[in-house]
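This is what each chain is made of:
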Amino acid sequence: MSKFFALIPAAGSGSRMGDELPKQYLPLDNKPMIYYALKILCKTPQISRVFVVLAPYDNYWTQYDWSEFSEKLVVLNCGGATRAESVVNGLAASQHECTVDPNDWILVHDAARPCLSLSQLEKLINALENDEVGGLLAIPVADTLKRSDTEARVQHTESRENLWQAQTPQMFRYDLLARALENTTKITDDASAIEALGYQPKLVHSDATNFKVTYPEDLALAELILKERKL
Ligand code: C5P
């Protein structure tokens, strides 16, 4: 039986938020943003360990109380210069913390997606646990897409047929993901590395609530979704 692990890369600075506090620590309903991703992943019975990858000199993590997650949480201070580097370093370091089989699953989830729900996560695991390759949560593109020049003038309209927006978690076998990420440089998600090896990750239909908090105005929306779930 393959085991399930989760890894949250949380070594970014979140410069697009324009705040000195790294994005993963920005307050959402009185908790740092990463709290919500951690909570869902730790609460999922199939997942046996949750690794959080922090920047080597992260001064914020220890300012909070994480004791409610102590059963599954493992903190790794090995973040890199890019998200991909943080994931690679985290995969390597996590194998010193517990016994990992090459076929075990690793679910990589961004700290900046605090509104992942238990049902989205379970849907992903159920859809992929017997899959050869693995895959990711995603939503079909709903808006019309414009390609611009550097002056923000429309060059042309892209077809949105069969286009999806990739989300996280992205779920792959440990060994495959580690091998895939070894040879990549400019990627923004884990699935791209798998694709570069010639595989076709499966897209598992998610919904828009699992969006990535990127700009300051996203915070209020995330807070609203989280508050409504609590009711
Ligand atoms: O900046 P962006 O929103 O794309 O970051 C996605 C995730 O990757 C965040 O959880 C962020 O903390 C993480 N990251 C990282 N190491 C980096 C850059 C980003 O772990 N060097």
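Scope of this entry: the structure provided in the associated data block. (Residues numbered from 1 in each chain as written. Predicted model: local features only at pLDDT ≥ 70, side-chain atom pairs only at ≥ 80, totals over all residues. Heavy atoms only, no water.)

## Some words on the site of the ligand
- The local shell around the ligand holds 16 residues, among which Pro9, Ala11, Lys23, Gly80 and Ser86 are the closest.
- Here an oxygen atom of the ligand and a backbone polar atom of Pro9 are 2.6 Å apart.
- Within the complex, 85% of the 470 Å² of free accessible area of the ligand lies under protein.
- Taken together, the elements giving at least two residues each to the shell around the ligand come down to strand E1 (4-10) and helix H2 (83-97).
- Of the residues contributing to the shell around the ligand, the split by class is six nonpolar, five polar and five charged. (Near = heavy atom within 4 Å. Polar contact = N/O pair within 3.5 Å; in protein donor to acceptor, adjacent residues only side chain to side chain. Areas by Shrake-Rupley, 256 points an atom, 1.4 Å probe, with all protein chains shown as cover. Helix = DSSP H or I, 4+ residues; strand = E, 2+ residues; numbered from the N terminus. Nonpolar A, V, L, I, M, F, W, Y, C, P; charged D, E, K, R; others polar.)

## Focus: the sheet that holds strand E11 (residues 202-205)
- Spatial strand order, E5-E4-E1-E6-E10-E7-E11: seven strands in an open sheet with mixed pairing. Two strands in the sheet have a free side with no partner beyond their single neighbour: strand E5 (73-76) and E11. Sheet twist, expressed as the mean angle between neighbouring strand axes with direction ignored, is 25°.
- Summarising the sheet, strand E7 (residues 134-140) and strand E10 (residues 164-173) pair through six bridges and their orientation is antiparallel. If you follow Pro140 over to E10, its bridge partner there is Trp164.
- Contacting E1, strand E4 (47-54), E5, strand E6 (105-108) and E10, H2 runs over the sheet at an angle of about 135° to E1. (Pairing = 2+ DSSP bridges. Axes fitted to C-alpha atoms, helices over the stretch in contact; angles between N-to-C directions. Contact = heavy atoms within 4.5 Å.)

## Describing the environment of Ser159
- Within the secondary structure, Ser159 is located in the loop between strand E9 (154-158) and E10.
- As for Ser159 and Leu145, which are separated by 14 residues in sequence, their C-alpha atoms are 7.1 Å apart.
- Within the structure, Ser159 has its side chain in polar contact with the backbone nitrogen of Glu161 (distance 3.1 Å).

## Observations regarding the pattern of salt bridges
- Under the definition given, this model contains six salt bridges.
- Where Arg83 meets Asp190, a salt bridge forms, and the shortest distance between an N and an O atom there is 3.2 Å. Of the two residues, Arg83 sits in helix H2 while Asp190 sits in helix H5 (residues 190-196), which places them 107 residues apart along the sequence.
- A salt bridge links Glu158 to Arg147; its shortest N-O distance comes to 2.8 Å. One end of the pair, Glu158, is in strand E9; the other, Arg147, is in strand E8 (residues 145-148), with 11 residues separating them in the sequence. (Salt bridge = Lys/Arg side-chain N within 4 Å of Asp/Glu carboxyl O.)

## Here we look at the packing of aromatic side chains
- This model, assessed by the stated rule, comprises eight aromatic pairs.
- Taking 5.8 Å as the distance between ring centres and 0° as the angle between the ring planes, the aromatic pair formed by Tyr25 and Tyr64 counts as stacked. In this pair, Tyr25 is assigned in the loop between E1 and strand E2 (27-28) and Tyr64 in the loop between E4 and E5, connecting sequence segments 39 residues apart.
- Judged by relative accessible area, which is 2%, Tyr25 ranks as buried. (Phe/Tyr/Trp six-rings, centres within 6.5 Å; stacked < 30°, edge-to-face > 60°. Buried < 20%, exposed > 50% of the residue type's maximum accessible area, 1.4 Å probe, protein only.)

## As for unusual backbone geometry
- In the segment running from Thr168 into Pro169, the intervening peptide bond is cis, with an omega of 5°.
- Inspection of the secondary structure assignment puts Pro169 in strand E10.
- Residue Asp29 is not a glycine yet carries a positive backbone phi of 50°.
- Position of Asp29 relative to the elements: it lies in the loop between E2 and strand E3 (31-32).
- For Ala152, which is not a glycine, the phi torsion comes out positive at approximately 60°.
- When you line up the elements, Ala152 lands in the loop between E8 and E9.
- We classify Ala152 as exposed; its relative accessible area is 67%.

## Thoughts on the pairing of E7
- Among the seven residues that make up E7, six are buried, leaving the element largely enclosed by the rest of the structure.
- Pairing of E7 with E11, which is carried by four bridges, proceeds in the parallel orientation. Bridge pairing in E11 places Ala138 opposite His205.

## Quick notes on the side chain of Lys23
- Note on placement: Lys23 falls in the loop between E1 and E2.
- At 7.3 Å, Asp218 is the nearest oppositely charged side chain to Lys23, a buried residue that forms no salt bridge.
- Side-chain polar atoms of Lys23 contact the backbone oxygen of Val213, separated by 2.8 Å. (Lys, Arg positive; Asp, Glu negative; His and termini not counted.)

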